[in-house]
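# An overview of the molecular structure
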Amino acid sequence: MCGIVGYIGKEQAAPIILEGLEKLEYRGYDSAGIAVFDGEQITIKKTVGRLKALVELTHGGSMMPGNAGIGHTRWATHGAPTDVNSHPHYNTKETIAVVHNGIIENYIPLKNKLERRGYQFVSDTDTEVLAHLLDYYYRGNPLEAITKVMHRVEGSYALGVIFAEHPDRIFAVRKASPLIVGKGKNGCFIA
Ligand code: GLU
């Protein structure tokens, strides 16, 4: 069982997300990663192994500026536990980042279709299909793209998504997987 944490607010996001992921460590995982929008672009750091390795890689999150981001601890179901297969996953332009808990059952036909349209995959995960499919449907409106993707994917999932063109929002959807949203004075959370 993996874990998802997202934060957007007044504080630096990365240290808060890492702290949240620590609280979900008990669920078990094989790799961890984080995506933060730094004001210009989405930066992703991810690594196989313990969360501690990600904390070290990002200096406790301090080397990742930005007030909005998503993090993940992965329990591999599709693709070996490797750095590349760890979440978050990007679209090719690196303008959309996705973390996913669950399984996309029809990812093979979707992947074949996207490859025929020129999309190149870098990982073996079912999750990467979501990043490219969001890219395919995105015309400036994230909710519209997410809704279209939800109509096409089968399976169970909780997703956290950020769009570089919408730095003031993080997006979360779920189907048959648990997901909660928290709203506070200084920020909002998903987990
Ligand atoms: N199915 C996805 C993968 O293998 C997500 C697994 C999870 O829930 O951590 O990458």
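Structural notes, computed from the coordinates. (Residues numbered from 1 in each chain as written. Predicted model: local features only at pLDDT ≥ 70, side-chain atom pairs only at ≥ 80, totals over all residues. Heavy atoms only, no water.)

## Some points on the overall build of the protein chain
- From N to C terminus, the protein chain includes five helices and ten strands.
- Along the first, second and third principal axes, the C-alpha atoms of the protein chain reach 40 × 35 × 30 Å.
- Residues classed as buried in the protein chain amount to 51% of the 191 residues present.
- Partitioning the contacts of the protein chain with sequence separation of at least 6, the portion at a separation of at least 24 is 64%.
- As displayed, the protein chain offers around 9,000 Å² of accessible surface, 52% of which is attributable to carbon and sulfur atoms. (Helix = DSSP H or I, 4+ residues; strand = E, 2+ residues; numbered from the N terminus. Buried < 20%, exposed > 50% of the residue type's maximum accessible area, 1.4 Å probe, protein only. Contact = heavy atoms within 4.5 Å. Areas by Shrake-Rupley, 256 points an atom, 1.4 Å probe, with all protein chains shown as cover.)

## Considerations on the packing of aromatic side chains
- What the rule picks out here adds up to five aromatic pairs.
- Measuring from ring centre to ring centre gives 5.0 Å for Y136 and Y137, while their planes differ by 75°; the resulting arrangement is edge-to-face.
- You can call Y137 buried: its relative accessible area is 17%. (Phe/Tyr/Trp six-rings, centres within 6.5 Å; stacked < 30°, edge-to-face > 60°.)

## Quick look at the nonpolar core
- One finds V98, L133, L134, V153, V161 and F163 to be the most contacted residues of the largest nonpolar core, which totals 25 residues.
- It is helix 4 (residues 127-137) that provides the largest number of residues to this core, a total of six residues.
- Here L133 is in contact with L110, L114, V149 and V153, once residues within four sequence places are set aside.
- Counting 17 residues, the second largest nonpolar core, distinct from the first, contains F37, I70, A97 and I170. (Core = buried A, V, L, I, M, F, W, Y, C linked by side-chain atoms within 4.5 Å.)

## As for the pattern of salt bridges
- According to the stated counting rule, one finds four salt bridges in the structure shown.
- R50 is the salt-bridge partner of E25, the closest N and O atoms lying 3.8 Å from each other. Residue E25 is found in the loop between helix 1 (13-23) and strand 2 (31-37), and its partner R50 is found in the loop between strand 3 (42-48) and helix 2 (51-57); the two are separated by 25 residues along the sequence.
- R50 gets classed as partly exposed once you look at its relative accessible area, which sits at 49%. (Salt bridge = Lys/Arg side-chain N within 4 Å of Asp/Glu carboxyl O.)

## Quick word on a positive patch on the surface
- A cluster of like positive charges, contributed by K113, R116, R117, R139, K148 and R152, occupies part of the molecular surface.
- Counting only elements with at least two residues in the positive patch, the list comes to helix 3 (107-116) and helix 5 (142-152).
- Mapped onto the elements of the fold, R117 is located in the loop between helix 3 and helix 4. (Patch = residues over 30% accessible without salt bridge, like charges linked within 9 Å, V, L, I, M, F, W, Y side chains within 5 Å. Lys, Arg positive; Asp, Glu negative; His and termini not counted. Charge placed at Lys NZ, Arg CZ, Asp CG, Glu CD.)

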